Amino acid sequence: MIDEAAAAHPVVIAMRQESTSWLSAAYIVLNELTVEVLPDRVVHACRFLRRMHQFERVSTITAVDRYPAEPRFELVYHLHSLAHNQRIRVKTRVGGESPSLESVTSVWAGANWYEREVFDLFGIEFKNHPDLTRILMPEDWQGHPLRKDFPIHGHRYDYMEPEGGSAQ
Amino acid sequence: MSEVPTLEAPVVADLRQVLEAPPETRPRTMVLNMGPQHPSTHGVLRIVLELDGEHVVHARPDIGFLHTGIEKQCENLTYQQAVTLTDRVDYLANMSNNLCYVLAVEKLLQLEVPPRAEWMRVMLVELTRLNSHLVWLGTHAMDVGAMTMFFYCMREREDLLRIFEMFSGQRMMTSYIRIGGLALDAPRGWEQAVGRFMQTFPSRVDEYEDLLKKNPIWMNRIIGVGELDVAELVDLGVTGPMLRAAGIKTDARKDAPYSGYEKFDFEVPTFTENDVYARYRVRIEEMRESIKIINQARAGMPGGAFQADAPKVVLPEREKMKTQMEALIYHFKIVTEGFRVPAGEVYQVIESPRGELGYYVVSDGTSKPLRVHMRTPSFGNLQALARLIQGKLIADVIAILGSMDFVLGDVDR
Amino acid sequence: MLPFVQGGVPISWYLILSAILFAIGASGFLIRRNIITVFMCIELMLNAVNLSFVTFSYMWRQVDGHIITFFVMVVAAAEAAVGLAIILTIFKNRGTLQIDRINSLKN
Amino acid sequence: MDFFLLTIVKAAIIAFIFLTTLAYLQLLERKVIAHIQRRPGPYRVGPHGFLQPLADVIKLITKEDVVPPHVNRTFYILAPFFAVFFALIPICLIPFGPQVEIFGITTLMQLTDLPVGLVMVLAIGSIGIYGIALGGWASNNKYSLLGSLRSSAQMVSYELALTIAIATPLLLANTLSLQEITQAQSGFYFGFLPRWHIFQMPWPQIFSFIIFVIAAFAETNRLPFDMPEAENELIGGFHTEYSSMKFAGFFMAEYAGIVTICSIGTVLFLGGYNPLFPPELGSNFVPAFLFLGGAAILFFHALQAERWRDKITFPLFGVVFLGIAAIFAVPMLWPYLLPVFWFVMKAGVLIFLFIWVRGTLPRFRYDQLMAFAWKFLFPIALINLIITSGLVAVVS
Amino acid sequence: MDVFLFFLFAAIAVGCAVNLVLQTHPISSAISLIGVMVSLAALYLLLGAEFIAAAQVIVYAGAIMVLFIFVIMLLNTGSEETEPVNALSRFLGLPLLLVMVGLLSVVMLDVAPPSQEVRFGSFTGGGAADVGLLLFTKYLLPFEATSVLILIAILGAVVLAMREVD
């Protein structure tokens, strides 16, 4: 599904020329260009965008949990081109029991902490990430707080017990 | 350029690993656990430093001590209620966070705010920038050892906080900028209060420059310290004054004007030295530019309404509520349930004092956001820390930490 | 009691003190295994010798003994500088200060 | 036994005055820095905080004496005593005045005058490092260890420049006794210029004095050379793990060090207890007029005081000042009071300089500090020494 | 008074020296050595060697020992490991030490005339002026030689440290 405005956008045109398979959707809503790619092509798409369109920095990487739906996680990459003063949103969907996809740290070193944050809060695993550990939550935390099935008030945490009382 | 070195080299630096090793195999380096309680980490940042003498061999920042789950909490509040949480993200640039979130939601609602609200927002956000830069200047100077500077900066900040209190009733957690406009109309006498401050402040900035720039010890401590290749800085996601000090002219106020910034005349100061001193100069010049913007906003402040004419979003006036049935119904709806926001997603970027501040708001059509993600500048900037301080002396580590101007609330959210 | 308060100290006592200190230093030199401690024992022996020089100087009412003491101090300072530099290098290379373990010329 | 009795009395007087001075020096520092930073400083305990030192002492004594479990107990407890002990001793060699006759006893206004007094002061000062070094090491804390390593290296480096800076006035005075050094600086050129070493022909010792002051900052670990403490880098450096009276020990040692080094500077370069200008020009009336002026200012402020208690305390202090002025106006007491007054004034100016600098300057970086000592101070001191010795040889 | 002071400082010196040898941690040994040096300085004062006493404190206690402590803290190796000693040295060590002290004492008693006594103040030739005068006249050549020695020592230390950097 590629809408008219997006089809005319130079980035989308170039991406479609490069490969026909990776764009599953592209649209412009509220003046923001979004391209959706398949999860196994994210790294290629990102590398392409960086090389060909000078999206030299990744502004942020995050995820959205659309819980009952499947695949439940929407991974969102916001890219920024300083040279063209342009922003683009790259989206992909992953789901399943243990969601995972390729890390983009090989494209931008700055993706490191954002991916760790997504791993920490959503439990999405990034393959080939140099240091995939929890970043915001304690190391021994159980569960992933930003998932919709994680209770809003968290779990009861017993601070007195040295072991076993880490969470839940 | 994609073959940049990985951010964190093989992990040596957990205290336990090193201490439990037998003495013969113990590395000659010393592991120093800097923070989370340390005067110069500006909050609860922990940096595990591996030292060879006083040189940093390897650094690993450890964050999350101030994680309060604001993003999760936002999902459980109505759109208007969530404004109060955005204050708490960056306690030195609360108005900027208010503004960014509010702009994002307004974009989803496709709501136009009246010009008075826009101009007032610009003025307050620039005052916030002054506030943040003042605190930065004071603490940075104190890190380097110039104790007096801190008190001078706090003196001016006190005036600023009084102004904020005058507007919102709160010194720090203002929540003054609301969806649809402002919380209240500007208080009586705000022009005099801001005017008085603006009269003295420019000379104070000069005074700071005199105090610091004419001090050879201070200059020696910061010139040529904390340099990193520009490409690497961009790659690591550094934004704001740190990037402008490296010669890249990027500023959301110019690149993607919001809230009517295109109507103001100001410059984006950049320097190319890319050291701590350049960062200092960028921030000092930014203070001067902010003064210009505030003066323009003050001089040309439009009259009229301070809230949008959108009865479904903005609470009705007290008077109308008591006389009109419709207004009463809207009031009841907004207070009990909140307003519905059309489904969609938006990524709003503004220039906070620390750099690129982005709010990614996803709505599923209900009155509570599905997801609010905060792209905070401190988080992005802090990623460069390990690279910036590698191979430096401990004293330089302090100077560089100071120059990065991060707020731990902003990092951990 | 009175002579004890008012009388002088026989000069030989100083020399015996010097001998005792020297003997302690020598024994420490033999029984200690840490290079730095061994080094300090050498300093102790030098000090003991210095005491006897100053005592002899007093005995003959001449300052020459002081001069020799002075030279010993200078030599000790030079020795400490070089010796400690060597110890530092040894420790960095071998990771130990135990004198028995530093028994090979080449690693 | 007269000698012993006299010494004990003098020691008691000096110890009492010195310890009180240390307590109030700390108040003075806080007040002066507060005013540099445009804030009032301590003012709650007593009028304008005058009883603050007392409150501090009570607080420090009654605080729990924590000994962390991971420290090396012996040296941890020993270190502050080392520091205080060696910081307090040198004051017994400082001459506050010439020989005077009081109640029929002739004595020096000084506890004891050794023929090698100055070298003794240096010797005791050089042992003073151990307090800091041991404290840092025994704390078994990495910040402390870094602090004491820095302090050892720093003190050894700056001691060199300090010693050479001290050597030049000795060439002029030709003695090591502090009393004789002071006496060598009495008299005036052209009837008004004092023959202090910083003015003395053939080669005024101004450079030497400046080097001395700079090295003194480093020796006492004061900003801009407070590497061992550097609270922004090393939290508290060597005294991070110390609390209550043991911390107070280090604290006191620091201030005692300042007083000592300022006194030495006064004796070596500023003419000790010799007056600023000759009595013929009226120098004997200076203290009386000074305190009179102080009293006048206090009375003036009392008239327009804003707080009601200032209306009481200002005149009260004014009366005290008037009383002191009256004491200084009695010519009979001049031989005893004037030398002490001049000495305290000069040392006080130097101490004020220490405080002023702390309120103004940032901290050096460690390598800059070392480079400054070895590449700048040391060569200049050496050149100054060569020039001075050459000129002294030529003139004599 | 002389006897009292002598015994006081001699006791401190011997006690510290024994402690130096018996302590296993180098820092304790170093502090003991400082104690020995300071009490020896006091004894020098009793012997009328004022300048040497001051120099002893400045050079030995103030500089050399600071260097030692600096190195010990820098390496921070902890206590020395005790190793088994063979029976012969364990049982013969102390007696042999005492024999050695005894022999030395006999020689010393022989050398020193028993009649001569040390009294504080009876010899005042140890001031800075006297030492300096002799140093720059009679001992000028050795003095210059020591300065060259010091220079070489500094260079040597620097070279060793430089090699360490590589």
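Source: prediction; values computed, not measured.

Describing the sheet that holds strand β3 (residues 55–62) of chain B
Residue and element names in this part refer to chain B. The three strands lie next to each other as β1-β2-β3, forming an open sheet whose pairing is antiparallel. Strands with a single pairing partner mark the edges of an open sheet, and in this sheet they are β1 (30–34) and β3. Here the average twist between neighbouring strands, direction ignored, is 20°. In this sheet, β3 lies alongside strand β2 (residues 46–52) in antiparallel orientation, the contact comprising seven bridges. Along β3, the bridge assignment pairs V48 with R60. Contacting β1, β2 and β3, helix α17 (residues 394–404) crosses the sheet at an angle of about 30° to β1.

Points about the interface of chain C and chain E
Between chain C and chain E, the residue contacts involve 74 residues of the former and 80 residues of the latter. Buried area between chain C and chain E, both sides added, is near 7,200 Å², and the carbon and sulfur share of it is 77%. Considering only the side of chain C, the residues that lose the most area to chain E are M40(C), Y58(C) and M73(C), jointly responsible for 10% of the buried surface there. Applying the counting rule to chain C against chain E returns one salt bridge. The salt bridge involving D64(C) is made with K138(E); its shortest N-O contact spans 2.6 Å. The interface formed by chain C and chain E contains six residue pairs in polar contact (both at pLDDT 80 or more). With 24 residues, the top contributor of residues to the side of chain C that touches chain E is helix α4 (residues 64–94) of chain C. Per-class residue counts for the side of chain C that touches chain E are 49 nonpolar, 17 polar and eight charged.

Re a nonpolar patch on the surface
Residue and element names in this part refer to chain D. A surface patch of nonpolar side chains, amounting to about 560 Å² of accessible area, comprises F285, F289, L292, F299, V319 and L322. Of all the secondary structure elements, the ones that give two or more residues to the nonpolar patch are α11 (286–303) and α12 (308–328). Sorting elements by how many residues they give to the nonpolar patch places α11 first, with three residues. With respect to the secondary-structure elements, L292 resides in helix α11. The class of L292 is partly exposed, set by a relative accessible area of 40%.

Criteria and cut-off values
Residues numbered from 1 in each chain as written. Chains lettered and ligands numbered in written order. Predicted model: local features only at pLDDT ≥ 70, side-chain atom pairs only at ≥ 80, totals over all residues. Heavy atoms only, no water. Pairing = 2+ DSSP bridges. Helix = DSSP H or I, 4+ residues; strand = E, 2+ residues; numbered from the N terminus. Axes fitted to C-alpha atoms, helices over the stretch in contact; angles between N-to-C directions. Contact = heavy atoms within 4.5 Å. Buried area = accessible area lost by both parts, 1.4 Å probe. Salt bridge = Lys/Arg side-chain N within 4 Å of Asp/Glu carboxyl O. Polar contact = N/O pair within 3.5 Å; in protein donor to acceptor, adjacent residues only side chain to side chain. Nonpolar A, V, L, I, M, F, W, Y, C, P; charged D, E, K, R; others polar. Patch = residues over 30% accessible without salt bridge, like charges linked within 9 Å, V, L, I, M, F, W, Y side chains within 5 Å. Areas by Shrake-Rupley, 256 points an atom, 1.4 Å probe, with all protein chains shown as cover. Buried < 20%, exposed > 50% of the residue type's maximum accessible area, 1.4 Å probe, protein only.

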